[in-house]
Amino acid sequence: MLVRCPSCRSTFSTERTGPQDCPACGKPLVVPDSPGVVPAGVQSSLQSTAQPQAEQGTPWERRAELGTWRAYRDTVVQALFEPARLFGSARLDRGPAQLGFALLTVSAASIVAQLVDYFFLRNWTQMFLRRLGGSGPMASYWQKLAEAARETSPRSAALWALLTPLVVLVALYLNAAVTHLATALLGQAKRGFAATFAACAYACAPLLLLAIPGCGSPVGVVWTVVLTGVGLQQTHRIPGRTAAAAVLAPYALICCATCALGVLGGMAALRGSP
Amino acid sequence: MHALGLAAAGLAVLLSAAVLPLDAPPLSLFPCPFRAATLLPCLSCGCTHAFAAAVRLHPIDALRSNPLGAFAAAAFAVHIVWTALRLCGLRWVPAPLPVTPRVRIGAAALLGLNWAFLVLRGGP
């Protein structure tokens, strides 16, 4: 159950009732047996934030009753076509399940993509990278990538496939941390890191498209960014425009700063010209 | 649970920075596309070098590469140690920083200063 500490106001999940210490501030509090029955004398010092009716859990969080395959399929379908319903039903105390969903989805798709690329598309990919490396501002990058792809041995390919879940775990947590930082900077992190993490984890569903060569990756990534915005809106219960701002802030910050610098440089150049 | 996940991610990043050479794949495959397109650094330009310098205990080099990256590496290290201590039974938890408008403006200003430093410093 989710409990809010009366001292520091932070929300945390706990499996047991009775006297315990807040994991955030360390101060003692009492969790009642039932959210509806708060013992007299404790009521003023304890605010239980029991799950609203809507947060019954996503299909993946209820996989014990639905069955793993059906739960996974329903979660992916809801993420792609009914994201508001999925994110609205996500429970913030089910972090391990959400992490498992993201790890399974992205790792499986990435490994399939790597195998397809290694066995069927290697020559085509190298030709494509060589062409990209022929000119343009990113030429040196594409050349390096082509070189690295050419030197890939079966052993290193297998190693990369084995390391994929670890890379996905690191990327997921870094993405959630950056997104949460942006959300907090905008003053919208109303329900803590667990809410941001749930949004980022279920937003990984479109990354199944990574397994499709060619257009799968860009479509999947853009879809994921959009879903992260929808997820933040639902899990933090914030307006859509602020959720979009939180997701796009890291990108917009860079672009806006560059545009501002470009305008200033342009004005300086115009003043300097005869 | 998320504290443990963040600590694991941080540990993986710091170990990668300690073990992987900067001038060979995969780290050499991370040139900044933003810098390539605009000739200007992005907010995270130099973070790979900052992490590599930080784990080798060269704080000045880390700060020169990217102050934000150096701070992030230090924050990861502190979080890993703190999580390990909590797993060993430490009960003390620092009070969470209240995110007031003043704190938010200060953080945004620090990000801006960090980016201005990278622009003025130039170079890779």
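Residues numbered from 1 in each chain as written. Chains lettered and ligands numbered in written order. Predicted model: local features only at pLDDT ≥ 70, side-chain atom pairs only at ≥ 80, totals over all residues. Heavy atoms only, no water.

A. Structural view of the overall build of chain B. The helix and strand inventory of chain B stands at six helices and zero strands. The buried share of chain B, taken over its 124 residues, is 34%. Residue pairs at least 24 apart in sequence account for 59% of intrachain contacts in chain B once pairs closer than 6 positions are excluded. Accessible surface, chain B: about 7300 Å² in total, of which carbon and sulfur atoms supply 76%. (Helix = DSSP H or I, 4+ residues; strand = E, 2+ residues; numbered from the N terminus. Buried < 20%, exposed > 50% of the residue type's maximum accessible area, 1.4 Å probe, protein only. Contact = heavy atoms within 4.5 Å. Areas by Shrake-Rupley, 256 points an atom, 1.4 Å probe, with all protein chains shown as cover.)

B. Spatial organisation of the packing of helix α3 (residues 47–55) of chain B against helix α5 (residues 67–87) of chain B. All names here are of chain B. Here α3 crosses α5 at 45°, and the two axes come no closer than 8 Å. Here α5 runs oblique to α3, going by the angle between their axes. α5 is crossed by α3, and the crossing has right-handed handedness. Across the interface between the two elements, Cys47, Ala50, Phe51 and Ala54 from α3 touch Gly69, Ala70, Ala72, Ala73 and Phe76 from α5. Along the lines of polarity and charge, the residues of the contact of α3 with α5 split into eight nonpolar, one polar and no charged. (Axes fitted to C-alpha atoms, helices over the stretch in contact; angles between N-to-C directions. Parallel < 35°, antiparallel > 145°, perpendicular 65-115°, else oblique. Left-handed = near helix turned anticlockwise from the far one by under 90°. Nonpolar A, V, L, I, M, F, W, Y, C, P; charged D, E, K, R; others polar.)

C. Representation of the environment of Ala84 of chain B within the structure. Residue and element names in this part refer to chain B. With respect to the helices and strands, the residue Ala84 is situated in helix α5. Judged by relative accessible area, Ala84 falls into the partly exposed class, the value being 37%. Expressed as a C-alpha distance, the spacing of Ala84 and Phe71, which sit 13 residues apart in the sequence, is 20 Å.

D. Structural detail: the confidence of the model for chain A. In this model, chain A carries a mean pLDDT of 78, and residues with pLDDT of at least 70 account for 77%. In the model, residues 35–53 of chain A has pLDDT below 50 throughout and makes 27 contacts with residues more than four positions away in sequence or in other chains. (pLDDT = per-residue confidence, 0-100.)

E. A look at the confidence of the model for chain B. Taken over all residues, the pLDDT of chain B has a mean of 85, while the share at 70 or more is 94%. The ipTM for the predicted assembly is 0.83, set against a pTM of 0.74.

F. View of α5 of chain B. Its 21 residues give α5 of chain B an end-to-end C-alpha distance of 30 Å, which sits within 8% of 30 Å, the value for a rise of 1.5 Å per residue. Turning to α5 of chain B, its buried residues are Gly69, Ala70, Ala73, Phe76, His79, Ile80 and Thr83 of chain B. Against the buried residues of α5 of chain B lie α7 (154–185) of chain A together with α1 (2–19), α3 and α4 (59–65) of chain B. Residue Asn66 of chain B occupies the N-cap position of α5 of chain B, its side-chain oxygen lying 2.9 Å from the main-chain nitrogen of Leu68 of chain B. (Expected span 1.5 Å × (residues − 1). Polar contact = N/O pair within 3.5 Å; in protein donor to acceptor, adjacent residues only side chain to side chain.)

G. How the structure looks around the packing of aromatic side chains. Counted under the stated rule, the structure contains nine aromatic pairs over all chains. Between Tyr173 of chain A and Phe193 of chain A the ring centres are 6.4 Å apart and the planes differ by 15°, which places this aromatic pair in the stacked class. Note that Tyr173 of chain A is positioned in helix α7 and Phe193 of chain A in helix α8 (residues 192–202), a separation of 20 residues in sequence. The aromatic ring of Trp60 of chain A is capped on one face by Arg63 of chain A, whose charged end is 4.6 Å from the ring centroid. When the ring centre of Trp82 of chain B is taken as reference, the NZ or CZ atom of Arg86 of chain B above it lies at 5.0 Å. (Phe/Tyr/Trp six-rings, centres within 6.5 Å; stacked < 30°, edge-to-face > 60°. Lys NZ or Arg CZ within 6 Å of the ring centre and 35° of its normal.)

H. Spatial organisation of the pairing of strand β4 (residues 28–31) of chain A. All names here are of chain A. By the alternation rule, side chains of β4 split into Leu29 and Val31, which are all buried, and Pro28 and Val30, of which none is buried. Taken together, the four bridges between strand β3 (residues 18–21) and β4 define a ladder with antiparallel strand orientation. By the bridge assignment for β4, Gln20 is matched with Leu29. (Pairing = 2+ DSSP bridges.)

I. Region of interest: the nonpolar core. Membership of the largest hydrophobic core comes to 28 residues, with the highest contact counts inside it found for Leu172, Tyr173 and Phe197 of chain A together with Phe51 of chain B. Among all residues touching Phe51 of chain B, those that are not within four sequence positions of it are Val13, Leu14, Ala17, Gly69, Ala72, Ala73 and Phe76 of chain B. Counting residues in each nonpolar core, the second largest holds 15 residues, with Trp60, Ala71, Ala97 and Leu227 of chain A among its members. (Core = buried A, V, L, I, M, F, W, Y, C linked by side-chain atoms within 4.5 Å.)

J. View of α1 of chain B. The end-to-end C-alpha distance of α1 of chain B is 25 Å, a good match for the 26 Å that 18 residues give at a rise of 1.5 Å each. His2, Gly5, Leu6, Ala7, Ala9, Gly10, Ala12, Val13, Leu14 and Ala17 of chain B are the residues of α1 of chain B that are buried. Lining the buried residues of α1 of chain B we find α4 (95–119), α7 and α8 of chain A together with α3 and α5 of chain B.

K. Quick peek at the pattern of salt bridges. All names here are of chain A. Counted according to the given criterion, the structure contains six salt bridges over all chains. The shortest N-O distance in the salt bridge between Asp74 and Arg73 comes to 3.4 Å. Residues Asp93 and Arg91 are paired through a salt bridge, measuring 2.9 Å at the closest nitrogen-oxygen approach. The exposure class assigned to Arg91 is buried, which follows from its relative accessible area of 18%. A network of salt bridges, in which partner residues are shared, links Arg70, Arg73 and Asp74. (Salt bridge = Lys/Arg side-chain N within 4 Å of Asp/Glu carboxyl O.)

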